[in-house]
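In case you want the letters, here they are:
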Amino acid sequence: MNILETSRLILREFSVEDVDALALVLSDQETMRFYPAPFDHAGVEQWIAKNIRRYTDDGYGLWAMVLKSTGELIGDCGLTVQHVDGVDEIEIGYHVRRDLWGQGLATEAARACRDYGFSRLPTERIISLIRLENLPSRRVAEKNGMTVWKEVMWADLQHLVYSIRREEAAENK
Ligand SMILES: CC(C)(COP(=O)(O)OP(=O)(O)OC[C@H]1O[C@@H](n2cnc3c(N)ncnc32)[C@H](O)[C@@H]1OP(=O)(O)O)[C@@H](O)C(=O)NCCC(=O)NCCS
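Report on the accompanying structure. (Residues numbered from 1 in each chain as written. Predicted model: local features only at pLDDT ≥ 70, side-chain atom pairs only at ≥ 80, totals over all residues. Heavy atoms only, no water.)

Quick notes on the side chain of Asp-76
- Following the sequence through the fold, Asp-76 ends up in strand β4 (residues 73-84).
- Within the buried core, Asp-76 has no salt-bridge partner, and the shortest N-O distance to an opposite charge, that of Arg-54, equals 8.5 Å. (Helix = DSSP H or I, 4+ residues; strand = E, 2+ residues; numbered from the N terminus. Buried < 20%, exposed > 50% of the residue type's maximum accessible area, 1.4 Å probe, protein only. Lys, Arg positive; Asp, Glu negative; His and termini not counted. Salt bridge = Lys/Arg side-chain N within 4 Å of Asp/Glu carboxyl O.)

And the structure:
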């Protein structure tokens, strides 16, 4: 099911058939350098299954990022619920296949997810959790209109919490 369309991308729900294409993203050592380890094949399968459960439980999750010009799955971007400092927050997350970095694709998808989140969900704030050292991801959050809100321990690692409020997003179209 397609969820969102931007000028270059379609975001659609993942299916179990996406494992091999997503593995080119999530099993890449360089792409996953801020994670404990790249995902193996079973890890990618579990990751897709978790997001398919999220579509049912929450109505949203991380979606497959498809390049319109080729039809290829080239990453993911979407909204997930994350428990931060005792509060459920809505987070925008993104991964892009390494050969396509630096073309503004993550920013294009993240901005669409931000606008989708504020138009469909009754939340006043959307966040992105980012490791301090992850400068490309921090830059995407900034281009998505977010600013650093606070620093937290999350998944046993120090993270910056970037955030944008509903009224700020309306001014940042
Ligand atoms: C983060 C990621 C999704 C960005 O994807 P992308 O499509 O290349 O992003 P964009 O092209 O929209 O923007 C990247 C920005 O980071 C900047 N950037 C790249 N490397 C950088 C570095 N080492 N230091 C500072 N900025 C950097 C780019 O110049 C660009 O900013 P600009 O438009 O102002 O020039 C991609 O790098 C990725 O998949 N990383 C690994 C997964 C990951 O860490 N995901 C986020 C988890 S929080």
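Re the site of the ligand
- Gly-102, Thr-107, Asn-134, Arg-139 and Lys-143 are the nearest of the 21 residues found near the ligand.
- In the model, an oxygen atom of the ligand is placed 3.4 Å from a nitrogen or oxygen of the Trp-101 side chain.
- In this structure, an oxygen atom belonging to the ligand sits 2.6 Å away from a side-chain N or O atom of Lys-143.
- Protein chains bury 72% of the 970 Å² of accessible surface belonging to the ligand in isolation.
- The element contributing the most residues to the shell around the ligand is helix α4 (residues 135-143), with six residues.
- Its residues assigned to classes, the shell around the ligand shows 11 nonpolar, eight polar and two charged. (Near = heavy atom within 4 Å. Polar contact = N/O pair within 3.5 Å; in protein donor to acceptor, adjacent residues only side chain to side chain. Areas by Shrake-Rupley, 256 points an atom, 1.4 Å probe, with all protein chains shown as cover. Nonpolar A, V, L, I, M, F, W, Y, C, P; charged D, E, K, R; others polar.)

Section: helix α3 (residues 105-120)
- If you check α3, its first and last C-alpha atoms are 22 Å apart, about what 16 residues at 1.5 Å a residue would give, namely 22 Å.
- Most of α3 sits out of view: 12 of its 16 residues are buried. (Expected span 1.5 Å × (residues − 1).)

Quick word on the packing of aromatic side chains
- Under the counting rule described, the total for this entry stands at two aromatic pairs.
- Arranged with centres 5.5 Å apart and planes meeting at 85°, the rings of Phe-14 and Trp-47 form a pair that is edge-to-face. Placement of Phe-14 in the loop between β2 (9-12) and α1 (19-26) and of Trp-47 in helix α2 (residues 41-57) is noted, with a sequence separation of 33 residues between them.
- Phe-14 sits in the buried class, given a relative accessible area of 5%.
- On the accessibility criterion, Trp-47 (13% relative accessible area) is buried.
- Relative to Tyr-116, the ring of Trp-63 lies with its centre 5.3 Å away and its plane at 80°, an arrangement referred to as edge-to-face. (Phe/Tyr/Trp six-rings, centres within 6.5 Å; stacked < 30°, edge-to-face > 60°.)

Concerning the pairing of strand β6 (residues 125-131)
- The element β6 is largely enclosed, with a buried count of six among its seven residues.
- Two elements, strand β5 (residues 87-96) and β6, share two bridges in a ladder whose sense is parallel. Across the sheet, residue Glu-91 finds its bridge partner in β6, namely Ile-127.
- Handedness of the β5-α3-β6 crossover: right-handed.
- Judged from the seven bridges that link them, β6 and strand β8 (residues 157-165) form a sheet pairing that is antiparallel. In the sheet register, Arg-131 faces β8, and the bridge partner there is His-159. (Pairing = 2+ DSSP bridges. Right-handed = clockwise from strand over helix to strand, strands pointing away.)

Interpretation in functional terms is not warranted from these geometric data alone.
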